[in-house]
Amino acid sequence: MTKAKGDIKETTLITQAKRDNLNTIADQWLNFKSSQFKPATVAKYKALLDIYINPCLGEKNISVLTKTEIQEFTHSLLLTGKQDNTGLSPKTVSDIISLLRLIFRYAVENGYQVSPSICNIKIKQEPKQLIIMTKEEQQKLYESLVESKDLRDIGILISLFTAKVHLRSLKYFIETW
């Protein structure tokens, strides 16, 4: 009789641990939230879960995941996250971390024990370098676009004059007209 009680208790603990793994909670979250997202967003989240998150962290119990484990996970994605063992872009890793944060918040809201430190993990993205064209380069681009009959080039020309234009570029075009 004691062995049977022990087996039941052990089975209950295993079932509880299985229910508390990241994979299960992520599926619950996606099912719960999918009606609030566009189908493309749901597909993107599902792909991030299937390709990156679940293979590495899916079977881990969410209550024992640590900030260190998440940081190691993000570090490995940055170094060797692609199938060819090259690193993922910081933007992709940031998207994965954002998805994890959403899942962790859902878990907390639904009574799961989650370390507060893993809900606030962020990845620093290097700002993209802004390339500013010289006056000569701007003039060449403008002349090339004006002379072109290609619809794509005309679209670029229109966007140059209707979109937010860099002040230096705008000043140059105003002075030269």
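The structure contained in this document is the topic of the report that follows. (Residues numbered from 1 in each chain as written. Predicted model: local features only at pLDDT ≥ 70, side-chain atom pairs only at ≥ 80, totals over all residues. Heavy atoms only, no water.)

## What about the overall build of the chain?
Stated formally: Only DSSP runs of H or I with at least four residues qualify as helices, and only runs of E with at least two residues qualify as strands; both kinds are numbered from the N terminus onward. Burial status follows relative accessibility: with a 1.4 Å probe on protein chains alone, a residue under 20% of its type maximum counts as buried, one over 50% as exposed, and anything between as partly exposed. Contacts between residues were defined by any pair of non-hydrogen atoms, one from each residue, lying within 4.5 Å. To be clear on the numbers: accessible area is Shrake-Rupley with a 1.4 Å probe, and residue cover counts the displayed protein chains and nothing else.
Looking only at helices and strands, the chain has eight helices and zero strands in total. In sequence order, the chain lays out its α and β elements as α-α-α-α-α-α-α-α. A burial count over the chain gives 29% of its 177 residues as buried. Contacts spanning at least 24 positions in sequence make up 59% of the contacts within the chain whose residues lie at least 6 apart. Carbon together with sulfur atoms contributes 58% to the accessible area of the chain, which is approximately 12500 Å² in total.

## Concerning the side chain of Arg 101
Test applied: When charges are counted, Lys and Arg are positive and Asp and Glu negative, with His and the chain ends excluded. Each reported salt bridge corresponds to a side-chain nitrogen of Lys or Arg within 4 Å of a carboxyl oxygen of Asp or Glu.
Relative to the helices and strands, Arg 101 is located in helix H5 (residues 90-109). Despite its burial, Arg 101 pairs with no opposite charge, the nearest such side chain being Asp 95 at 8.5 Å. Once residues lying within four places of it in the same chain are set aside, the contact partners of Arg 101 are Cys 119, Asn 120, Ile 121 and Lys 122.

## Looking at the environment of Asn 120
Structurally, the position occupied by Asn 120 is in the loop between H5 and helix H6 (135-147). For the pair Asn 120 and Ser 98, spaced 22 residues apart in the sequence, the C-alpha separation amounts to 9.4 Å.

## What about the environment of Thr 86?
When you line up the elements, Thr 86 lands in the loop between helix H4 (67-80) and H5. With a relative accessible area of 35%, Thr 86 lands in the partly exposed category. Considered as a pair, Thr 86 and Ser 76 are ten residues apart in the sequence and their alpha carbons are 9.9 Å apart.

## Some points on the pattern of salt bridges
Applying the stated criterion across every chain yields a total of four salt bridges. Asp 95 serves as the salt-bridge partner of Lys 91, at 2.7 Å between the closest nitrogen and oxygen. One end of the pair, Lys 91, and the other, Asp 95, are both in helix H5, four residues apart, so they sit about a helical turn from each other. Taking relative accessible area as the criterion, Lys 91 reaches 46% and is therefore assigned partly exposed. The class of Asp 95 is buried, set by a relative accessible area of 18%. Through salt bridges with shared partners, one network takes in Lys 44, Lys 91 and Asp 95.

## Re the nonpolar core
Across soluble globular proteins, nonpolar side chains have a tendency to be buried as a group. Where we set the bar: Nine residue types can take part in a nonpolar core, namely buried Ala, Val, Leu, Ile, Met, Phe, Trp, Tyr and Cys, and a core is a set of them joined through side-chain atoms within 4.5 Å.
Grouped together as the largest cluster of nonpolar side chains are 33 residues, with contacts concentrated most on Leu 22 and Phe 104. Of all the elements in the fold, those that place two or more residues in this core are helix H2 (22-33), helix H3 (39-57), H4 and H5. At nine residues, the largest contribution of residues to this core is made by H5. Apart from residues no more than four positions distant in its own chain, Leu 22 is found in contact with Ile 53, Leu 57, Gly 58, Lys 60, Ile 62, Leu 65, Leu 100, Ile 103 and Phe 104.

## Considering the packing of H4 against H5
Relative orientation and spacing of two packed helices are given, respectively, by the angle between their axes and the distance between those axes. The condition is simple: Interaxial angle, 0 to 180 degrees, is taken between N-to-C directions of lines fitted to C-alpha atoms, where a helix line uses only the stretch in contact. Each angle is binned into one of four classes, with values under 35 degrees roughly parallel, values over 145 roughly antiparallel, values of 65 to 115 roughly perpendicular, and all other values oblique. Here a crossing is called left-handed whenever its near helix is offset anticlockwise from the far helix by less than a right angle, and right-handed whenever the offset is clockwise. Each residue gets one label: Ala, Val, Leu, Ile, Met, Phe, Trp, Tyr, Cys and Pro are nonpolar, Asp, Glu, Lys and Arg are charged, and the others, such as Gly, are polar.
Viewed as axis vectors pointing N to C, H4 and H5 meet at an angle of 155°, and their least axial separation amounts to 9 Å. In terms of axis orientation, H4 runs roughly antiparallel to H5. Crossing angle aside, the handedness with which H4 passes H5 is right-handed. Residues Ile 70, Phe 73, Thr 74, Leu 77 and Leu 78 of H4 lie in contact with H5, whose contacting residues are Pro 90, Val 93, Ile 96, Ile 97, Leu 100 and Phe 104. Per-class residue counts for the contact of H4 with H5 are ten nonpolar, one polar and no charged.

It is worth stressing that arrangement in space is one thing and function is another; only the former is reported here.
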